[in-house]
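Read off the chains here:
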Amino acid sequence: MRFPMSYPKIAAALTLLSLLTIPPVTTQAAETGLAAQHWSASWTASPQPAWEDGFALPTNIPATLSNQTVRQIVRLSIGGKRARVVLSNEYGATPLTIGAAHVALAASSGNSSEIVAGSDRVLTFGGRGEVTIAPGAPAVSDPIDLALMPLAQVAVSIFLPQTTPLATFHWEGKQTAYIAPGNLTAAPLIETEQTVEARLLLSTILVDAPPASRVVAAFGDSITDGAGSTSNSNQRWPDLLAQRLAKQRIAVINAGISGARVLSDKMGVNALARFDRDVLNQPNVDTVILLMGINDIGWPSSSFTPDDPALPADRLIAAYRQLIARAHMRHVRIVGGTLTPFEGALQDTTLKGYYSEAKEQTRQTVNRWIRSSGEFDAVIDFDAAVRDPGHPRRFLPAYDSGDHLHPGDRGYHAMADAIDLDTLLGSRRSTTVKSK
């Protein structure tokens with residue numbers, strides 16, 4: 001016969017049990033420093049598939065690279081004491097071999113491949129300097145010690161030893177990338193005449209940031225991607241918002257794709273398909289600004305998709321509701337941006353038929369819903385911030401890049417300045433952010 005244990009014996013047994021059942025991972029994390037790491041996205045370029053010849057716009061990149069190094073310059077938003085780099089073979093049909101990869105501080109924010117002496121670091125993947133990335137997959141580098149200030153400029157160099165189809169890229173890079181023969185990943189300066197403005201195979205830079213840091217994702221099309229802004233100058237509206245938020249330890253990542261549509265593919269997959277990859281799965285994201293839909297309205301019957309039927313406003317609104325629902329399921333705040341003016345869009349180019357009176361009415365219907373439905377957590381009235389008060393279907397001339405679809409640098413500044421930070425980051429409620 002067994003007798004019940006006394007209370008002191010029970011307490012002692014429970015104490016011993018708690019000590020014996022501490023998860024081993026806690027001890028291991030403390031020993032390796034993993035417990036103190038807080039990875040946050042600081043910069044992104046959403047992957048796109050290289051489209052076929054015959055589309056209205058060229059890719060402007062080589063079809064393949066072989067025994068060549070690509071050096072790409074990016075500006076981070078928040079900084080950290082360590083970094084990781086993510087490379088992507090998202091749209092590759094075959095394994096992608098990276099022979100070597102390095103990261104360093106860039107010596108200049110402008111048009112230069114030079115790196116800061118003493119800052120070069122070798123990237124490894126599972127302890128190895130070479131990595132083969134499966135089709136459709138990313139590769140995340142091991143952490144490297146490199147102190148990065150907010151808004152730091154970094155250079156990522158990738159050596160491709162084999163003939164490599166450039167199936168995965170980001171078209172509207174707005175920053176010079178340098179391509180040269182051989183393995184020059186550690187070179188202080190890459191002197192070459194072969195350059196592109198696209199992002200090649202590089203998708204994300206993560207930083208080990210303070211625990212209080214947060215991430216805002218700008219999810220959009222070419223107006224978020226920075227078309228019409230000055231190259232090598234970080235004048236996109238997400239860049240300018242990042243400058244405003246850097247001291248608050250809030251990152252801004254750009255998930256814009258030029259030509260992106262909410263409902264259809266072409267210059268990238270549709271927003272509904274890429275929302276998880278480009279926004280919701282990014283480490284530490286808690287807010288998204290959605291500014292997309294003008295291409296869904298403008299592309300039908302244009303040079304881009306001449307045979308597509310007009311898009312009804314209610315289809316675009318239904319897609320917005322899906323994005324809102326998915327963001328809220330992940331406890332992510334979602335802010336809606338009104339669609340900017342586009343009368344006369346691309347009329348002086350070889351691309352015809354983008355604007356019509358009927359399409360303008362669709363834009364107005366969608367904007368009324370964004371402003372008044374209360375379904376977004378907040379609203380940024382980008383339309384009001386950049387339109388001409390005397391001709392509200394058009395950009396204010398000072399804000400127009402010249403193609404009547406994209407802002408220029410001053411227009412992007414007006415968009416960034418139109419965002420009230422308290423409302424952007426505040427408690428979840430429907431509030432319109434007034435332009436200033």
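Residues numbered from 1 in each chain as written. Predicted model: local features only at pLDDT ≥ 70, side-chain atom pairs only at ≥ 80, totals over all residues. Heavy atoms only, no water.

## What to know about the pattern of salt bridges
- Following the criterion strictly, the structure yields 17 salt bridges and no others.
- A salt bridge links Glu357 to Arg393; the nearest nitrogen and oxygen atoms lie 2.4 Å apart. Highlighted residues: Glu357 in helix α8 (residues 357-372) and Arg393 in strand β25 (residues 391-395), separated in sequence by 36 residues.
- Note on Glu357: relative accessible area 45%, which makes it partly exposed.
- Through salt bridges with shared partners, a single ionic network connects Glu360, Arg363, Arg371, Asp381, Asp383 and Arg387. (Salt bridge = Lys/Arg side-chain N within 4 Å of Asp/Glu carboxyl O. Helix = DSSP H or I, 4+ residues; strand = E, 2+ residues; numbered from the N terminus. Buried < 20%, exposed > 50% of the residue type's maximum accessible area, 1.4 Å probe, protein only.)

## As for helix α10 (residues 409-417)
- For α10, every residue scored as buried is listed here: Gly411, Tyr412, Ala414, Met415 and Ala416.
- Check the buried side of α10 and you find it contacts α3 (222-225), α4 (237-245), β21 (285-291) and α9 (382-386). (Contact = heavy atoms within 4.5 Å.)

## Side note on unusual backbone geometry
- Of note in the backbone geometry, Asn284 takes a positive phi value of approximately 80° without being a glycine.
- Note that Asn284 resides in the loop between α5 (271-280) and β21.
- Owing to a relative accessible area of 24%, Asn284 belongs among the partly exposed residues under this scheme.
- Unusually for a residue other than glycine, Leu346 sits at a positive phi of about 60°.

## Some remarks on the confidence of the model for the protein
- Averaged over every residue, the pLDDT of the protein is 91; residues scoring 70 or more account for 89%.
- With pLDDT under 50 throughout, residues 1-33 is counted as low confidence; its partners more than four residues away or in other chains account for four contacts. (pLDDT = per-residue confidence, 0-100.)

## Topic: the packing of α5 against helix α7 (residues 313-329)
- Two numbers describe how α5 lies on α7: the axes approach to 11 Å, and their chain directions differ by 30°. The orientation of α5 with respect to α7, classified from their angle, is roughly parallel. Handedness of the α5/α7 crossing: right-handed. Of the residues in α7, those touching α5 at Ala271, Leu272, Phe275, Asp276 and Leu280 are Ala319, Gln322, Leu323, Arg326 and Ala327.
- Of the residues assigned to the contact of α5 with α7, the class counts are seven nonpolar, one polar and two charged. (Axes fitted to C-alpha atoms, helices over the stretch in contact; angles between N-to-C directions. Parallel < 35°, antiparallel > 145°, perpendicular 65-115°, else oblique. Left-handed = near helix turned anticlockwise from the far one by under 90°. Nonpolar A, V, L, I, M, F, W, Y, C, P; charged D, E, K, R; others polar.)

## Things to note about the sheet that holds strand β16 (residues 194-196)
- Judged by pairing direction, the sheet is antiparallel, and its six strands sit side by side in the order β8-β7-β12-β4-β15-β16 without closing on themselves. If you trace the sheet from one side to the other, it starts and ends with β8 (121-122) and β16, each paired once.
- In this structure, strand β15 (residues 177-181) lies alongside β16, joined through three bridges in antiparallel fashion. Its bridge partner being in β16, Ile179 is matched across the sheet by Gln194. (Pairing = 2+ DSSP bridges.)

## Observations concerning the pairing of strand β22 (residues 333-337)
- Of all five residues in β22, five are buried; the element is thus mostly enclosed.
- Where burial is concerned, the two faces of β22 agree: the one with Arg333, Val335 and Gly337 and the one with Ile334 and Gly336 are both buried.
- As defined by bridge partners, β21 adjoins β22 across four bridges and the pair is classed as parallel. The partner of Thr287 across the bridge, within β22, is Arg333.

## Some thoughts on the packing of aromatic side chains
- Counted under the stated rule, the structure contains 14 aromatic pairs.
- For the ring pair Trp51 and Phe169, a centre distance of 5.4 Å and an interplane angle of 55° mean the geometry is tilted. Placement of the pair is Trp51 in the loop between β2 (48-49) and β3 (64-65) and Phe169 in strand β14 (residues 168-170), with a sequence separation of 118 residues. Phe169 carries the same exposure label as Trp51, and that label is buried.
- Judged by centre distance (6.1 Å) and plane angle (45°), the rings of Phe55 and Phe304 are tilted. (Phe/Tyr/Trp six-rings, centres within 6.5 Å; stacked < 30°, edge-to-face > 60°.)

## Overview of the environment of Ala134
- Locating Ala134 in the fold gives a position in the loop between β9 (131-133) and β10 (138-140).
- C-alpha separation for the pair Ala134 and Glu90, spaced 44 residues apart in sequence, amounts to 8.7 Å.

## Examining the sheet that holds strand β17 (residues 199-200)
- The three strands lie next to each other as β2-β14-β17, forming an open sheet whose pairing is antiparallel. Where the open sheet ends on each side, the last strands, each with one partner, are β2 and β17.
- Here β14 runs beside β17; their pairing, made up of two bridges, is antiparallel. Note on β17: the bridge partner recorded for Phe169 is Leu200.

## Side note on the environment of Met267
- Mapped onto the secondary structure, Met267 falls in the loop between β20 (250-256) and α5.
- Sequence-wise, Met267 and Ala50 are 217 residues apart; in three dimensions their C-alpha atoms are separated by 8.0 Å.
- In this view, Met267 contacts Gln48, Trp51, Phe55, Leu57, Trp171, Ile257, Ser258, Gly259 and Trp299; residues no more than four positions away in its chain are not counted.

## Examining the side chain of Thr423
- Here Thr423 is to be found in helix α11 (residues 421-425).
- Reaching out from Thr423, the side chain makes a polar contact with the side chain of Asp420 at a distance of 2.8 Å. (Polar contact = N/O pair within 3.5 Å; in protein donor to acceptor, adjacent residues only side chain to side chain.)

## Overview of the pairing of β20
- Most of β20 sits out of view: seven of its seven residues are buried.
- The alternating pattern of β20 places Ile250, Val252, Asn254 and Gly256 on one face and Ala251, Ile253 and Ala255 on the opposite face, and all of these are buried.
- In terms of strand pairing, strand β19 (residues 214-220) meets β20 through seven bridges, oriented parallel. Residue pairing in the sheet places Ala218 in a bridge with Asn254 of β20.

## Section: the nonpolar core
- Judged by nonpolar contacts, the single largest core of 123 residues is most densely connected at Leu200, Trp237, Ile289 and Tyr320.
- Apart from residues no more than four positions distant in its own chain, Leu200 is found in contact with Ile61, Leu65, Val70, Gln72, Ile158, Leu166, Thr168, Phe169 and Ile179.
- Listed in part, the nine residues of the second largest apolar core include Ala104, Ile115, Ala180 and Ile190. (Core = buried A, V, L, I, M, F, W, Y, C linked by side-chain atoms within 4.5 Å.)

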